[in-house]
Amino acid sequence: MNAENSGAVFQDLFQETFDEFNRQGMLRRGPHAKYYEYKQYLETLSGVPVNNLWTDIYHVNPMAKEKLGYQTQKPLPLLERIIGVSTNPGDYVFDPFCGCGTTIHAAEKLGRKWIGIDVTILAIQLIQNRLTTAFSGKTDYEVKGIPKDYQSAVALATTDGLRGRYEFHIGPLGSSRGKLSGISKKKAPISG
Ligand SMILES: C[S@@+](CC[C@H](N)C(=O)[O-])C[C@H]1O[C@@H](n2cnc3c(N)ncnc32)[C@H](O)[C@@H]1O
């Protein structure tokens, strides 16, 4: 075992320190891993493990810059925590009722791929603005289901009921006929 092939965490340590960690059984390397890792145990870490009562994340203040006019808007740190603990970078996050896009915002921030669907076109446009503001216009995504010309906008506005103006539908759930508006990270499996 050698400190040189121990990766960024240990490369500045002297071989002596590395050997000491090794003697204590505090190093590990998976069968296919390139570098060694330092083992961490719950009881030696500071802080309190997160339980299912979260009192450290606050609701979105009505005066907050974050507030987008959705009465049910969740705070961004809440969605960041949920996505952070339940997915890995590169995983897909899917919100079929994406509203003002807090899930999408958090997923983008954490390097996840994402798909959002909403029955309201305004929600999709709101999310586009939100992403532009939050990530300086650098987010790569595509939007499906928004009428692209006058005729389809008129058809959308004049067709009543669930088969008309309220039925925007997209494909990831297996439907190829519907018209829900959708927004997705580029290369996410979304279809119109
Ligand atoms: C409470 S908001 C969602 C908030 C969002 N999940 C977030 O974390 O920011 C609910 C959204 O669901 C949308 N919605 C309601 N019925 C729907 C349906 N049948 N299909 C898709 N979206 C729908 C509404 O337009 C609204 O924007």
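Report on the accompanying structure. The residue numbering used here restarts from 1 in each chain and proceeds along that chain's sequence as written. Where totals are concerned, whole chains, interfaces and linings use all residues; where local detail is concerned, this predicted model gives features only for residues with pLDDT of at least 70, and gives and counts side-chain atom pairs only at 80 or more.

Next up on the list: the overall build of the chain. Helix and strand content of the chain: six helices and six strands. Working definition: helices are DSSP H or I runs of at least four residues, strands are E runs of at least two. Numbering for both runs from the N terminus. The N-to-C order of helical and strand elements in the chain reads α-α-β-β-α-β-α-β-α-β-α-β. Between the buried cut of 20 or more and the exposed cut of 12 or fewer other C-beta atoms within 10 Å of a residue's own C-beta lies the partly exposed class, and all C-beta atoms are placed from the backbone. Counting across all 192 residues of the chain, residues that qualify as buried make up 21%. Each residue is represented by a C-beta atom placed from its backbone, and any two residues with such atoms within 7 Å are regarded as in contact. Relative to all contacts within the chain whose residues are 6 or more apart in sequence, the contacts with residues 24 or more apart total 46%.

This paragraph deals with the packing of helix α3 (residues 76-86) against helix α4 (residues 102-109). For the pair α3 and α4, interaxial distance at closest approach is 9 Å and the crossing angle is 60 degrees. The angle between the axes of α3 and α4 places the two elements in the oblique class. At the point where α3 passes α4, the crossing takes the right-handed sense. Contact residues: α3 offers Leu 76, Leu 79, Glu 80 and Ile 83, while α4 offers Thr 102, Thr 103, His 105, Ala 106, Ala 107 and Lys 109. Along the lines of polarity and charge, the residues of the contact of α3 with α4 split into five nonpolar, three polar and two charged. Only the contacting stretch of a helix is used when fitting its axis, a line to C-alpha atoms as for every element, and angles between N-to-C directions run 0 to 180 degrees. Should an angle lie under 35 degrees it is considered roughly parallel, over 145 roughly antiparallel, and from 65 to 115 roughly perpendicular; all remaining angles are considered oblique. Here a crossing is taken to be left-handed if its near helix is turned anticlockwise relative to the far helix by less than a right angle, and right-handed if that turn runs clockwise. Under this grouping Gly is polar, as are all residues other than the nonpolar Ala, Val, Leu, Ile, Met, Phe, Trp, Tyr, Cys and Pro and the charged Asp, Glu, Lys and Arg.

Let us now look at unusual backbone geometry. Positive phi values are uncommon outside glycine, yet Ser 136 reaches one of about 50 degrees. Mapped onto the elements, Ser 136 comes out in the loop between α5 (121-134) and β5 (141-144). For Ser 136, a count of 8 C-beta atoms within 10 Å corresponds to the exposed category.

Turning our eyes to something else, we now look at the site of the ligand. All residues are tested the same way: a C-beta atom is placed from the backbone, and lying within 6 Å of a molecule or strand makes the residue near it. Taken together, the neighbourhood of the ligand is formed by 18 residues, with Thr 72, Phe 97, Gly 99, Thr 102 and Val 119 sitting nearest. Those elements that provide at least two residues to the shell around the ligand are α4 and β4 (113-118). In terms of residue class, the shell around the ligand is made up of nine nonpolar, six polar and three charged.

Every helix has an expected span of 1.5 Å times one less than the residues it contains. Compared with an ideal rise of 1.5 Å per residue, which puts 14 residues at 20 Å, α5 spans 20 Å between its outermost C-alpha atoms and is within 8% of the ideal. For α5, every residue scored as buried is listed here: Ala 123, Ile 124, Ile 127 and Leu 131. Taken down its axis, α5 places every buried residue within 95 degrees of arc, on the same side. Of the exposed residues in α5, those oriented more than 90 degrees away from the buried face are Leu 122, Asn 129, Thr 132 and Thr 133. Summarising the geometry, the arc corresponds to the directions from the helix axis toward the C-beta atoms.

Before going further, it helps to spend a moment on the nonpolar core. To define a nonpolar core, we join buried Ala, Val, Leu, Ile, Met, Phe, Trp, Tyr and Cys residues through C-beta atoms within 7 Å and take the resulting set. Core analysis: the largest hydrophobic core is formed by 16 residues, its most contacted members being Cys 98, Ile 104, Ala 107, Trp 114, Ala 123, Ile 127 and Ile 183. At the level of secondary structure, the elements contributing two or more residues to this core comprise α4, β4 and α5. The leading source of residues in this core is α5, at four residues. Residues within four places of Ala 107 in sequence aside, it is in contact with Ile 83, Val 93, Arg 112 and Trp 114.

Burial within β4 is extensive, with six of its six residues counted as buried. Side chains Lys 113, Ile 115 and Ile 117 project from β4 onto one buried face, and the interleaved Trp 114, Gly 116 and Asp 118 project onto a second face that is buried too. Note on pairing: two strands pair once DSSP finds at least 2 bridges between them. Relative to β4, strand β3 (residues 92-95) is paired through four bridges, and the arrangement is parallel. Its bridge partner being in β4, Phe 94 is matched across the sheet by Ile 115. Between the parallel elements β3 and β4, the chain passes through α4 in a crossover that is right-handed. With the strands pointing away from the viewer, any crossover whose connection runs clockwise from the first strand over the helix to the second is right-handed.

Turning our eyes to something else, we now look at α4. Note that an α-helix has 3.6 residues per turn; residues three or four places apart therefore point the same way. Here α4 lies mainly inside the structure; seven of its eight residues are buried. Regarding α4, the residues found buried are Thr 102, Thr 103, Ile 104, His 105, Ala 106, Ala 107 and Glu 108.

As for its position among the elements, Tyr 92 is in strand β3. Judged by the 15 C-beta atoms lying within 10 Å of it, Tyr 92 is partly exposed. Taking the C-alpha atoms as reference, Tyr 92 lies 8.5 Å from Ala 107; in sequence the two are 15 residues apart.

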